[in-house]
Amino acid sequence: MRLYAVVAAGGFRRYATYRTATAAGVFTNTVFGFIVAYTYTALWDERPQLGGYDTSQALTYVWLGQALLMACAMMGGGFEDELVERIRTGDIAVDLYRPVDLQLWWLAGDLGRAAFHLLGRGVVPMVLGALAFDLALPGSPWTWLAFLVSVFLGVVVGFAVRYLVALSAFWLMDGAGAMRIVSLAGLFFSGMLLPLNLFPGLLGEVARALPWSSLLQVPADVFLGKHTGWGLVKAYAFQGGWAVVLLLAGRMVQAAATRRVVVQGG
């Protein structure tokens, strides 16, 4: 496990070196946060308690989305492009023969990336949003802790989705198209555009049941106190269940890809 801790730390340092990009990202997240916040204010003025949120909670949801956008990689932007490229060039064969677990290696690096983006690109927009608007911030440290646990599970689910899709490059040879579709799905079904609680009927039920809701909708509801007691346990079980299912699916695809590489190499 020490090896993977080192990989995670390396992932954190890797993204920490791009200071100008981080500053630009903070600026972009903040600007978009203000644009969406004023849009939400107008919407909630017309429809108070829309989706079960009051105006303060809706604005909090906006800034949580900006804080978690890169941490949970709702639009992609993590390890997947590099992994797809290694598969395309055949360099992945070297990785598969190394005495490390391929999935855990990439997961550790992605956790380091997520930790940096949460601190580097998440905290400042959230603070600025709290200064400019009346946000519904938790008063209990246990709620903040519960939120961080939910964010961690969301990051793992996001990794598992992108890892699984990236492995499709073993058969597609170019996973760009598949990754683009997944990025669009993540943007929509995570609740980044609108809270999933606003989606009507069957669409809302399906959207909330998909794994992408673990990236923003579930952590945001934990932060806003919508999940407490057994409700919080169920929220964790939902996220953890998707994480386990998708990670196992990734391992199965990885095993099939390894056999493919061995056969072709032989």
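Above this text is the structure in question.
In this convention, every chain numbers its residues from 1, walking through the sequence in written order. Since the coordinates come from a predicted model, pLDDT governs what is reported: local features require at least 70, and pairs of side-chain atoms require 80 or more to be given and counted, while whole-chain, interface and lining totals use all residues. Computation of side-chain values: all heavy atoms of the structure, hydrogens and water removed.

J.: An account of the pattern of salt bridges is needed here, citing residue identities and associated values.
T.: Every case where a carboxyl oxygen of Asp or Glu lies within 4 Å of a side-chain nitrogen of Lys or Arg is listed as a salt bridge. Summed over all chains, the structure comprises 7 salt bridges. Note that Arg 86 is salt-bridged to Asp 95, the shortest N-O span being 2.6 Å. Accessibility expressed as a relative area gives 5% for Asp 95, which makes it buried. In this structure, Arg 162 and Asp 110 form a salt bridge, with 2.8 Å as the shortest nitrogen-oxygen distance. Note that Arg 162 is positioned in helix H7 (residues 141-166) and Asp 110 in helix H6 (residues 102-132), a separation of 52 residues in sequence. When sorted by exposure, Arg 162 lands in the same class as Asp 110, which is buried. Connected through shared salt-bridge partners, Glu 80, Asp 110, Arg 113 and Arg 162 make up one network. Note on classification: 1.4 Å probe, protein chains only; a residue is buried when its accessible area is under 20% of the maximum for its type, exposed when over 50%, partly exposed between these limits. Only DSSP runs of H or I covering at least 4 residues are called helices, and only runs of E covering at least 2 are called strands; the numbering of each starts at the N terminus.

J.: Just give me the short version of the environment of Phe 133, but keep the residues and values in it.
T.: Positionally, Phe 133 belongs in the loop between H6 and H7. On the basis of relative accessibility, which here comes to 10%, the residue Phe 133 falls in the buried class. Put simply, Phe 133 and Gln 66 are 67 residues apart on the chain and 14 Å apart in space, counted from C-alpha to C-alpha. In this view, Phe 133 contacts Phe 34, Ala 37, Tyr 38, Leu 59 and Trp 63; residues no more than four positions away in its chain are not counted. By definition in these notes, contact holds between two residues if any of their heavy atoms fall within 4.5 Å.

J.: Please provide a residue-by-residue account of the side chain of Gln 57, values included.
T.: One can find Gln 57 in helix H3 (residues 55-68). What Gln 57 contacts, discounting residues up to four positions off in sequence, is Gly 52, Ala 136, Leu 224 and Lys 226.

J.: An account of the packing of helix H2 (residues 19-46) against H6 is needed here, citing residue identities and associated values.
T.: Angles shown run from 0 to 180 degrees and are taken between the N-to-C directions of axes, each axis being a line fitted to C-alpha atoms and, for helices, limited to the stretch in contact. Packing of H2 against H6 leaves a shortest axis separation of 9 Å and a crossing angle of 35°. Where H2 crosses over H6, the handedness of that crossing is right-handed. The residues of H6 that touch H2, namely those facing Thr 22, Gly 25, Val 26, Asn 29, Thr 30 and Phe 34, are Phe 116, Gly 120, Arg 121, Val 124, Pro 125, Leu 128 and Ala 132. Residue classes follow a fixed rule: Ala, Val, Leu, Ile, Met, Phe, Trp, Tyr, Cys and Pro count as nonpolar, while Asp, Glu, Lys and Arg count as charged, and any other residue, Gly among them, counts as polar. Tallied by class, the residues present in the contact of H2 with H6 amount to 7 nonpolar, 5 polar and 1 charged. Here is the rule for handedness: rotate from the far helix to the near one, and if that takes an anticlockwise turn smaller than a right angle the crossing is left-handed, while a clockwise turn gives right-handed.

J.: I'd like a description of the layout of surface pockets, backed by residues and values.
T.: In this structure, the largest pocket spans a volume of roughly 390 Å³. A cavity, in this analysis, means grid points on a 1 Å lattice covering only the protein atoms where a 1.4 Å probe fits yet has no way out; a pocket is instead an open set bounded by protein on both sides within 12 Å along at least five of seven lines, and a residue lines either one if it has an atom within 4 Å of a point. Taken together, 19 residues form the lining of the largest pocket, with Arg 14, Glu 82, Trp 105, Trp 106 and Gly 109 sitting closest to its centre. Partitioning the lining of the largest pocket into residue classes produces 7 nonpolar, 4 polar and 8 charged. Grid points are joined across faces, edges and corners, and a volume is the space filled by probe spheres set on the points.

J.: Explain the packing of H3 against H6 residue by residue, including any values.
T.: Their axes nearest at 7 Å, the elements H3 and H6 cross at an angle of 160°. Comparing the axis directions of H3 and H6 gives the class roughly antiparallel. When you trace H3 past H6, the crossing you get is right-handed. Residue-level inspection shows Thr 60, Trp 63, Leu 64, Gln 66, Ala 67 and Leu 68 of H3 in contact with H6, the latter providing Leu 118, Arg 121, Gly 122, Pro 125, Met 126 and Gly 129. Roughly parallel here means an angle under 35 degrees, roughly antiparallel means over 145, roughly perpendicular means 65 to 115, and every remaining angle is called oblique.

J.: Outline H6, listing residues and values.
T.: One turn of an α-helix holds 3.6 residues; hence residues three or four places apart share an orientation. Taking 1.5 Å of rise per residue, the 31 residues of H6 would be expected to cover 45 Å, and the 44 Å separating its terminal C-alpha atoms lies within 8% of that figure. The angle between axes fitted to the seven-residue stretch ending at a residue and the seven-residue stretch beginning at it gives the bend at that residue. Along its length, H6 shows its largest kink, about 40°, at Gly 122, and proline Pro 125 lies within four residues downstream of that point. Any pair of nitrogen or oxygen atoms within 3.5 Å is treated as a polar contact; in protein, a donor-acceptor pairing is required on top of that, and neighbouring residues in sequence qualify only through side-chain atoms on both sides. Near the N-terminus of H6, the side chain that reaches the backbone nitrogen of Gln 103, with its oxygen 3.1 Å away, is that of Asp 101. A helix is expected to span 1.5 Å multiplied by its residue count minus one.

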